[in-house]
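Chain and residue survey
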Amino acid sequence: MDTNDSLRVASLWHSMHAISQQLSPVNGCSGIELLEADTFDLHCFQSLPGTKFFVVCEPGTPHMESLLRYIYELYTDYVLKNPFYEIEMPIRCELFDINLTQAVQSDRVALLGR
């Protein structure tokens, strides 16, 4: 997925998330956290400042919420502390990319039992 595709998905999700908050019959609803489809699950974690993080995975994959929280920790450690990063812009930070790849790979290895 290239940057434009990522921005389109994020824009679509942001709109659905905002609408779900307004239409929810539950008071204090924070919006959609999980979209379950036949071929994938899309998990969303929204930080307190409003930045959303997504994971697309196989249906029923466990521990995605904890992975998203860890990705948020990486974001705060490597992206927000980067003096060259501009809020609301695509993330281009090598240390974040490296640590994100390691986190996803280690999570995948744990899930596969290797």
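Located above this text is the structure these notes cover.
A brief report on the enclosed structure follows. (Residues numbered from 1 in each chain as written. Predicted model: local features only at pLDDT ≥ 70, side-chain atom pairs only at ≥ 80, totals over all residues. Heavy atoms only, no water.)

Here strand S2 (residues 41-46) lies mainly inside the structure; 5 of its 6 residues are buried. As paired elements, strand S1 (residues 34-36) and S2 share 3 bridges and run antiparallel to each other. Residue pairing for S2: Leu 34 is matched across the bridge by His 43. Bridge analysis of S2 against strand S3 (residues 52-57) gives 6 bridges, and the strand direction is antiparallel. Bridge pairing in S3 places Cys 44 opposite Phe 54. Remark: 5 residues form the turn of the hairpin made by S2 and S3, two consecutive strands paired antiparallel; Gly 50 in that turn has positive phi of roughly 105 degrees. (Buried < 20%, exposed > 50% of the residue type's maximum accessible area, 1.4 Å probe, protein only. Helix = DSSP H or I, 4+ residues; strand = E, 2+ residues; numbered from the N terminus. Pairing = 2+ DSSP bridges.)

Time to look at the pattern of salt bridges. One pass over the full model with this rule turns up 2 salt bridges. The salt bridge partner of Arg 8 is Asp 5, with a shortest N-O separation of 2.6 Å. One end of the pair is Arg 8 and the other is Asp 5, both in helix H1 (residues 3-23) and 3 residues apart, which spans about a single turn. Note on Arg 8: relative accessible area 54%, which makes it exposed. (Salt bridge = Lys/Arg side-chain N within 4 Å of Asp/Glu carboxyl O.)

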